[in-house]
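# Observations on the three-dimensional arrangement
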Amino acid sequence: MSATDGHRRPARAQRVLCVGDVVGEEAARWLAGRVPQLRADHGLDWVVVNAENCAVTGPNPMDGFGMTVEVVDELLDAGVDAITGGNHSWDGPDVDKILAYPQVVRPLNLEEDRGQGLLTLTGRDTTLTVINLLSPTAELPGMAAPMPRPLWPSWQDIVASHDLPGAVVIDLHGESPWEKASFAAAIDGQVAGVLGTHTHDPTLRGHILPAGTGYVTELGMTGRLGHTGGGFDPMHFVAKLRGEDHTALPAYTLAEGPLALGAVVLDIDPTGATTAITRIS
């Protein structure tokens, strides 16, 4: 199974850990400390982490997240193989440096000269291609991210113009559960997995679609849960909902409470089809 005929398939079955939005530096350090044990406990071949929220870079959560070199280095040094992003990929002062990392992918479906939206990992007799896509539903006016193209024509262009070797896993960063589900169903059999990110609140079920694509609506966030599960104080979003000037509020703060891991393990067979999805916490 692959996106187009003739692409190389994985040489053997593989296990991939996919981790949802890491919120804040503390959560990134906590995850980094757990990666070696997670690899050992679950027999992982690859670890893919969405880290677009791993650093606080400004006072407003709409455009004050992003990544820093220090935090990205810590995740990579711990054994993370690929780091994905989303609408916050362009936040913060280290954008140019972050997007230059060969292990970092930003959304592919937009006009952007910096960085890459697709990464192929090879080794240990396995091949995994990681793609990052951004839904227009994840955008808010005033965000630093360029506006993404719609998903379906973007996917058609990707298949036509890119080699997609091995098993293919997509981090789909979007707001709408129905859009994520529709996209996964539309490309069922072409990729090993479509993993939803962005909304931070994990969905329980993992679905294996009829032609072998594994699908999870929302991986969830990795960090301190707080009262709403988003990983930070929602006061700026509350003010925006009320029609108030959220820019007049104090700087946002990260949540308190227990640390949570939003993640699943995909079992992918040598044809590139997913045979099992296991949520871990």
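Above this text is the structure in question.
Residues numbered from 1 in each chain as written. Predicted model: local features only at pLDDT ≥ 70, side-chain atom pairs only at ≥ 80, totals over all residues. Heavy atoms only, no water.

### Here's the deal with helix α2 (residues 69-78)
For the α-helix, the turn length of 3.6 residues means that residues three or four positions removed from each other point alike. Heads up, the rule is: To sort residues, take the accessible area from a 1.4 Å probe on protein chains only and compare it with the maximum for the residue type: under 20% means buried, over 50% means exposed, and anything in between is partly exposed. The way it works is that DSSP assigns letters per residue, a run of H or I at least four long becomes a helix, a run of E at least two long becomes a strand, and they are numbered from the N terminus. An arc is given here, and it is the one of the directions from the helix axis to the C-beta atoms. Working rule for contacts: check all heavy atoms of both residues, and any pair within 4.5 Å makes them a contact.
Within the sequence span of α2, burial applies to Val71, Val72, Leu75, Leu76 and Ala78. On an axial view of α2, the arc spanned by its buried residues comes to 165 degrees, and they lie on one face. Residues of α2 that are exposed and point over 90 degrees away from its buried face: Glu70 and Asp77. Those residues of α2 hidden inside the fold are in contact with α1 (25-42), β3 (82-84) and α3 (95-99).

### Some remarks on the environment of Ala11
Structurally, Ala11 can be placed in the segment before β1 (14-19). Classification of Ala11 by relative accessible area gives exposed; the value is 61%. Expressed as a C-alpha distance, the spacing of Ala11 and Gly272, which sit 261 residues apart in the sequence, is 9.5 Å.

### Some points on the environment of Ile83
Of note, Ile83 is situated in strand β3. Through-space distance from the C-alpha of Ile83 to that of Val48 is 5.9 Å; in sequence the pair is 35 residues apart.

### Digging into unusual backbone geometry
One non-glycine residue with positive phi stands out, namely Arg124, at about 55 degrees. Residue placement: Arg124 occurs in the loop between β4 (118-123) and β5 (126-134). Phi is positive for Asp125, close to 60 degrees, though the residue is something other than glycine. For Asp125, the position within the fold is in the loop between β4 and β5.

### Thoughts on the sheet that holds β4
Rules: In this scheme, strands are said to pair when DSSP sees at least two bridges between them. Fitted lines through C-alpha atoms serve as axes, helices being fitted only where they are in contact, and the angles separating the N-to-C directions of these axes extend from 0 to 180 degrees.
Taken in spatial order, the 6 strands of this open sheet run β4-β5-β6-β7-β9-β8, and their pairing is mixed. In the strand order of this sheet, the two ends are held by β4 and β8 (207-208), each with one partner. Here strand β7 (residues 193-197) pairs with strand β9 (residues 214-216) via 3 bridges, running parallel. Residue Val194 lies in a different strand from β9, and its bridge partner there is Tyr215. Running at roughly 145 degrees to β5, helix α4 (residues 151-161) makes contact with β5 and β6 (167-173) of the sheet.

### Brief notes about the packing of α1 against α2
This is how it is decided: Roughly parallel here means an angle under 35 degrees, roughly antiparallel means over 145, roughly perpendicular means 65 to 115, and every remaining angle is called oblique. Crossing handedness is read from the near helix: turned anticlockwise from the far helix by less than a right angle, it gives a left-handed crossing, and turned clockwise, a right-handed one. The nonpolar class holds Ala, Val, Leu, Ile, Met, Phe, Trp, Tyr, Cys and Pro. Asp, Glu, Lys and Arg form the charged class, and all remaining residues, Gly among them, are polar.
Put simply, α1 and α2 touch, their axes get as near as 8 Å, and they point 10 degrees apart. By the angle between their directions, the pair α1 and α2 is classed as roughly parallel. In the crossing of α1 with α2, the sense of the turn from one axis to the other is left-handed. Here α1 contributes Glu25, Ala28, Arg29, Leu31, Ala32, Val35 and Pro36 to the contact with α2, which in turn contributes Val71, Glu74, Leu75 and Ala78. A per-class count over the contact of α1 with α2 returns 8 nonpolar, no polar and 3 charged.

### Section: the nonpolar core
Note the cut-off: The set of buried Ala, Val, Leu, Ile, Met, Phe, Trp, Tyr and Cys residues whose side-chain atoms join them within 4.5 Å is what this entry labels a nonpolar core.
Leu17, Leu31, Leu75 and Ile83 are the most contacted members of the largest nonpolar core, which totals 29 residues. Listing elements by their share of this core, those giving two or more residues are β1, α1, β2 (46-50), α2 and β12 (263-268). Looking at this core, the element that brings in the most residues is α1, giving 6 residues. If we skip the residues at most four places from it in the chain, Leu17 touches Leu38, Leu44, Trp46, Val47, Val48, Ala263, Val264, Val265 and Ile280.

### Describing the side chain of Asp91
The cut-off we apply is this: When charges are counted, Lys and Arg contribute as positive and Asp and Glu as negative, whereas His and the chain ends are disregarded. The term salt bridge refers to a pairing of a side-chain nitrogen on Lys or Arg with a carboxyl oxygen on Asp or Glu at a separation within 4 Å. Any pair of N or O atoms that falls within 3.5 Å is considered a polar contact. Within protein, one atom must be able to donate a hydrogen and the other to accept it, and sequence-neighbouring residues count only if both atoms are side-chain atoms.
Tracing the backbone through its elements, the reader meets Asp91 in the loop between β3 and α3. This buried residue, Asp91, is left without a salt bridge; Arg114 holds the nearest opposite charge, at 9.8 Å. A polar contact of 3.2 Å, which involves the side chain of Asp91, links it to the backbone nitrogen of Phe65. A polar contact is formed between the side chain of Asp91 and the side chain of His88, at a distance of 2.6 Å.

### Some remarks on the packing of aromatic side chains
To keep things clear, this is the line we draw: For Phe, Tyr and Trp, where Trp contributes only its six-membered ring, two rings pair if their centres lie within 6.5 Å, and the inter-plane angle classes them as stacked under 30 degrees, edge-to-face over 60, or tilted in between. Criterion for a charge above a ring: Arg CZ or Lys NZ at most 6 Å from the ring centre, at most 35 degrees from the ring normal.
Across all of its chains, the model carries 5 aromatic pairs by this definition. One aromatic cluster is present, formed by Phe65, Phe232, Phe237 and Tyr252 through successive ring pairs. Sitting over the ring of Trp46, Arg124 keeps its end group 4.4 Å from the ring centre.

### Some details on the environment of Ala13
Mapping Ala13 onto the fold places it in the segment before β1. By relative accessible area, Ala13 is classed as partly exposed at 42%. Apart from residues no more than four positions distant in its own chain, Ala13 is found in contact with Asp45, Thr126, Ile268, Asp269 and Pro270.

### Things to note about the pattern of salt bridges
One pass over the structure, following the stated rule, counts 8 salt bridges. Note that Asp267 and Arg15 form a salt bridge whose closest N and O atoms lie 2.6 Å from each other. Residue Asp267 is located in strand β12, and its partner Arg15 is located in strand β1; the two are separated by 252 residues in the primary sequence. When its relative accessible area of 18% is taken as the criterion, Asp267 is described as buried. The salt bridge partner of Asp96 is Arg114, with a shortest N-O separation of 2.8 Å. Within this pair, whereas Asp96 is found in helix α3, its partner Arg114 is found in the loop between α3 and β4, the two being separated by 18 residues in sequence. For Arg114, a relative accessible area of 33% corresponds to the partly exposed category. A cluster of three or more residues bridged by salt bridges with shared partners is formed by Asp96, Glu112 and Arg114.

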